[in-house]
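Here are the chains, one letter per residue:
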Amino acid sequence: MIRLKPLMLAAAVGLSAFSAAASSYAAGQVEVLHWWTSGGEAKSVAELKKLLEKEGYTWKDFAVAGGGGDSAMTVLKSRAVSGNPPTAAQIKGPEIQEWAELGFLTNLDDVADKNNWDKLLPKVVADGMKYEGHYVAVPVNVHRVNWMWGNPEVMKKAGVETMPTNWDEFFADADKIKAAGFIPLAHGGQDWQDATTFEAVALSVGGPEFFRKAFVDLDDDALGGETMVKTLKTFKRLRDYIDPDAAGRDWNLATAMVINGKAAFQIMGDWAKGEFLNAGKVAGKDFLCAAVPGTANAYTYNIDSFAMFKVKNKDDKAAQDALARIIMEPTFQKVFNLNKGSIPVRPDIDMADFDACAHKSMEDFQADAKAGTLLPSMAHGMAASSYVKGAIYDVVTNFFNDADMTAEEAAERLVKAVDAAG
Ligand code: GAL
């Protein structure tokens, strides 16, 4: 009997250690707010859910449809105000600091230290995840925004051999495509999609310095000057090349028009690639990717990230920490980004399985970081506050949809709107 005692004790200790581990692993739940509901997006986020569940945690999906995430942010605000925020929410750019400043976000330094985030992440990315020097969010990926997608078959039928590299080429190609009976530019008439196109035109017309002055420094001369007027004029010319049903169309339906051979081109970040891939299409063969005309020497970035909210329950906190850890691990970084169209946020991830568009994105990201031409996307909330972003959206969309508003008037409105919001 006596000799059995230590064994029994060991078993008891083992058991209690096991049940402690089991409870902290099994009981924790994360509720995750995101807007990844298109085919390619849903497939990508399902990978995160799978990896979390594999560790025994529970994933409660809180998906709010709407590309660009504005509807998701509205829902998030109402949940937070009523004292019931989710555990994790897809929040990007300076909005991370806006939420942190309000006291909603939790400190992730422990997970970050244990897993070496400071060493693994480019400094510009790490800084964006912190508030007053502490991690409050975890980065998922890097999307390039200034892409144009093309259907090579449609281009060929219209006698267009290569992707246009400047606006003169684009407009000449677009005329040929129209004459051949296709839609030159697939577009969804929603404010964030208008802004995505507009900022790409601004980058090509004015160059990286102009882009920075206008959308990062919010400089009045850049926002209201001649270069902006020229940008707005070029932007509005695109209206002649989109179809009459564009109003309100979701971005993935615009991508589907390129996939199905109805339209030749789409200007959209590389989440569009997720749709091509989800439809079984192959980069370089079934679809082409190229920088938006005139923007090959710059890179507008959009970094998806999850901000973590304060949670009271210990098990849920463990689940939240696990989610943060998993997002930065190589397994997730690889499988998620292969599906999503983006590139891993960690430069050390093996890119062998990624396609030519992803390789180009990774090479350009690094080259543009060195050259100082890596630019935060205004349209995707990377450049300025959510208020400024909203103010620019309003002017850009009104101008694009109002045949009577001149570019000069729109530029003036832009200055006023940004000043009022800033
Ligand atoms: C962006 C987001 C991307 C993408 C897109 C369309 O703002 O960063 O991940 O999914 O919206 O929903």
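Residues numbered from 1 in each chain as written. Predicted model: local features only at pLDDT ≥ 70, side-chain atom pairs only at ≥ 80, totals over all residues. Heavy atoms only, no water.

1. Observations regarding the environment of D321
Right, on to step 1. Relative to the assigned elements, D321 resides in helix α15 (residues 314–328).
Right, on to step 2. In this structure the C-alpha to C-alpha distance between D321 and A112, which are 209 residues apart in sequence, comes to 9.6 Å.
Right, on to step 3. Discounting chain neighbours no more than four positions away, the residues touching D321 are L108 and V111. (Helix = DSSP H or I, 4+ residues; strand = E, 2+ residues; numbered from the N terminus. Contact = heavy atoms within 4.5 Å.)

2. Here's the deal with the pattern of salt bridges
Right, on to step 1. Per the stated rule, a full pass over the model turns up 20 salt bridges.
Right, on to step 2. Ionic pairing is found between D355 and K273, a salt bridge with its closest N-O pair at 2.9 Å. In this pair, D355 is assigned in the loop between β14 (343–344) and α17 (356–371) and K273 in helix α14 (residues 271–278), connecting sequence segments 82 residues apart.
Right, on to step 3. Bridged by salt links that share partners, the residues E31, K60 and R79 form one connected network. (Salt bridge = Lys/Arg side-chain N within 4 Å of Asp/Glu carboxyl O.)

3. Remarks on unusual backbone geometry
Right, on to step 1. At N116, a position not held by glycine, the phi torsion is positive, near 65°.
Right, on to step 2. Relative to the helices and strands, N116 resides in the loop between α5 (109–114) and α6 (117–120).

4. Regarding the confidence of the model for the protein chain
Right, on to step 1. On average, the protein chain scores 94 in pLDDT, and the residues at 70 or more come to 94%.
Right, on to step 2. In the predicted structure, residues 1–25 sits below a pLDDT of 50 and forms nine contacts with residues beyond four places in sequence or in another chain. (pLDDT = per-residue confidence, 0-100.)

5. Here we look at helix α18 (residues 386–401)
Right, on to step 1. Taking 1.5 Å of rise per residue, 16 residues should cover 22 Å, and α18 covers 22 Å from first to last C-alpha, within 8% of that figure.
Right, on to step 2. The complete set of buried residues in α18 reads S386, V388, K389, A391, I392, Y393, V395, V396, T397, F399 and F400.
Right, on to step 3. Check the buried side of α18 and you find it contacts α3 (70–81), α4 (94–101), α10 (191–215), α12 (226–237) and α19 (407–421). (Expected span 1.5 Å × (residues − 1). Buried < 20%, exposed > 50% of the residue type's maximum accessible area, 1.4 Å probe, protein only.)

6. A short note on the sheet that holds strand β2 (residues 58–63)
Right, on to step 1. Overall, mixed pairing links the five strands, which are arranged β2-β1-β3-β13-β6 in an open sheet. Every interior strand has two partners, whereas the edge strands, β2 and β6 (137–139), have only one. Between one strand axis and the next, the sheet turns by 20° as a mean value, whatever way the strands run.
Right, on to step 2. The pairing of strand β3 (residues 88–90) with strand β13 (residues 305–308) spans three bridges and is classified as antiparallel. (Pairing = 2+ DSSP bridges. Axes fitted to C-alpha atoms, helices over the stretch in contact; angles between N-to-C directions.)

7. Some details on the site of the ligand
Right, on to step 1. In the neighbourhood of the ligand, 13 residues make up the surrounding shell, with E41, K92, N302, D304 and K340 lying closest.
Right, on to step 2. At a separation of 2.3 Å, an oxygen atom of the ligand approaches a polar side-chain atom of E41.
Right, on to step 3. In the model, an oxygen atom of the ligand is placed 2.9 Å from a nitrogen or oxygen of the N302 side chain.
Right, on to step 4. In isolation the ligand exposes 300 Å². Once the protein is present, 100% of that is buried.
Right, on to step 5. A class-by-class count of the residues in the shell around the ligand yields four nonpolar, five polar and four charged. (Near = heavy atom within 4 Å. Polar contact = N/O pair within 3.5 Å; in protein donor to acceptor, adjacent residues only side chain to side chain. Areas by Shrake-Rupley, 256 points an atom, 1.4 Å probe, with all protein chains shown as cover. Nonpolar A, V, L, I, M, F, W, Y, C, P; charged D, E, K, R; others polar.)

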